[in-house]
Amino acid sequence: MVARVMVTGAAGRIGRAVLALLDEREIEANALVLDDPGDLAARLVVTGDAADAKTVQAALEGADAVIHLAAIPTPERNTALEVFAGNTLATFTVLEEAGRAGVRHAAVASSWGVTGLPWTGAADPHPPYAPVDEAMTSQVADPYGLSKQVDELTAQMVARRHGMSVVCLRYPYVGGFEERLHAHATRLTADPAAGARDLWTYLEVHDAARAALLALEVPGRAAHAVHLCAPEIIVPYPTEELLRRYHPTTVLRSRLPGRTAPVDTSAARRLLGFTAHNLLRAVPPQ
C-alpha cells in the first residue's frame with residue numbers, strides 16, 4: 001500500500017474524485033495544479049505546469065506513487081502544437097522526475113481517444129471489429145489522440161528506464177451522474193449517432209478514481225494500457241442493432257447481448273481487478 005500519492009490535475013473532475021478516495025483511505029496526497037482553488041483535500045498543493053521539472057520535483061515531496069491526470073483533454077480548443085507538445089512533455093516530465101525520485105508506481109490518464117475514433121477526419125470512422133480491445137490498430141489523425149499514443153510509449157520507456165510499474169488508463173466519457181452523465185444519456189438517447197464514435201461508452205467518476213488507485217498496486221517493472229468503461233452502454237438500445245446501423249463494416253467477434261458495451265475490458269479485470277460498480281440507469285426514449 002502506498003503512503004503518499006502525487007496527483008497532477010488534482011482540481012479536475014477525476015482529480016477531485018481521486019483526492020476524495022485517498023482521503024477516505026487515509027492516504028496522504030500531494031496535488032499539482034495550474035491554479036489552487038483553495039479547497040483541495042491534499043497535504044501539499046503545488047501550483048504550476050506539469051511540464052516544468054522543478055515544479056514536478058516540488059510536488060513529488062515525500063511521494064511514493066504518482067497519478068498523472070493533467071492534460072489538455074481534447075484537440076478542439078487549443079492549437080495542435082499546444083495539445084500535442086503540452087500533453088507529451090507533461091507526461092514525460094512527470095514520469096521521468098518520478099522515476100528519478102525513486103517512485104516505482106504510476107498511473108497515467110490515457111484515453112479512448114488513443115483509438116483515433118473520436119476525432120479522426122474520416123467522415124464515418126468505424127472500428128474494424130468489436131468488442132474493441134487494446135490490440136486494435138489506431139486510426140489517430142488528431143494531435144490529442146497522437147499525444148495519448150506517445151504518452152503510452154513514454155510509459156513503456158520510463159518503465160524500462162527506471163524499473164517502474166506504469167498503467168495507462170484508457171478512460172471513456174467520464175462524469176458524475178448528476179453532473180453530466182444524465183444529460184449525456186438523454187442527448188445520446190435522442191440522437192444515438194452522436195455517440196457512435198465513442199461506442200456509447202462511459203464511466204462514472206468514482207469508478208475512474210478507483211481504477212487509478214488500483215493501478216498503483218500493479219507489481220513488476222512494466223507498462224500496461226487498459227480500456228475502462230461501464231459494462232453496459234449509456235443508451236437504451238441493443239448494442240448489436242446500434243453497431244449494425246452506425247458501424248456496418250465492423251466485424252462482430254463475439255455476441256454482445258442486450259446493452260453490453262462493445263469494448264473488451266478483460267485486461268483491466270485481470271491486471272487491476274477492476275469492474276465498474278456505478279451504473280447509470282438507461283433513459284427511456286421519448
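These figures come from a predicted structure and were not determined experimentally.

(A) Quick look at the pattern of salt bridges. The full count for this structure, using the stated rule, is 11 salt bridges. Between Glu97 and Arg100 there is a salt bridge whose closest N-O contact spans 3.7 Å. One end of the pair, Glu97, and the other, Arg100, are both in helix α3 (residues 80–100), 3 residues apart, so they sit about a helical turn from each other. With a shortest N-O distance of 2.9 Å, Asp207 and Arg210 are connected by a salt bridge. A residue pair is termed a helical-turn pair when its members lie 3 or 4 positions apart in one helix, as Asp207 and Arg210 do in helix α6 (residues 205–215) at 3 residues. Neither residue differs from the other here; Asp207 and Arg210 are each classed as buried.

(B) Structural context of the sheet that holds strand β10 (residues 223–227). Overall, parallel pairing links the 7 strands, which are arranged β3-β2-β1-β4-β5-β7-β10 in an open sheet. The outermost strands of the open sheet, each flanked by one partner alone, are β3 (44–47) and β10. For this sheet, the mean inter-axis angle between neighbouring strands, taken without regard to orientation, is 15°. Sheet topology note: the strand β1 (residues 4–8)/strand β2 (residues 28–33) ladder contains 5 bridges and is parallel. Paired with Val7 across the bridge in β2 is Ala31. Sheet contacts for helix α1 (residues 13–24): β1, β2, β4 (65–68) and β7 (165–171); angle to β1, the most-contacted strand, approximately 170°. Packed onto the sheet, α3 meets β1, β4, β5 (105–111) and β7 and runs at close to 175° relative to β4.

(C) Broad picture of helix α4 (residues 143–162). Taking 1.5 Å as the rise per residue, α4 with 20 residues should run 28 Å; its terminal C-alpha atoms sit 27 Å apart, in good agreement. Within α4, the full set of buried residues consists of Pro143, Tyr144, Gly145, Ser147, Lys148, Asp151, Glu152, Thr154, Ala155, Val158, Ala159 and His162. Elements in contact with the buried residues of α4: α3, β5, β7 and β10. The opening residue of α4, the one whose side-chain oxygen lies 3.0 Å from the backbone nitrogen of Tyr144, is Asp142. Phi turns positive one or two residues past the end of α4, at Gly163, with a value near 65°.

Thresholds, definitions, all that
Residues numbered from 1 in each chain as written. Predicted model: local features only at pLDDT ≥ 70, side-chain atom pairs only at ≥ 80, totals over all residues. Heavy atoms only, no water. Salt bridge = Lys/Arg side-chain N within 4 Å of Asp/Glu carboxyl O. Helix = DSSP H or I, 4+ residues; strand = E, 2+ residues; numbered from the N terminus. Buried < 20%, exposed > 50% of the residue type's maximum accessible area, 1.4 Å probe, protein only. Pairing = 2+ DSSP bridges. Axes fitted to C-alpha atoms, helices over the stretch in contact; angles between N-to-C directions. Contact = heavy atoms within 4.5 Å. Expected span 1.5 Å × (residues − 1). Polar contact = N/O pair within 3.5 Å; in protein donor to acceptor, adjacent residues only side chain to side chain.

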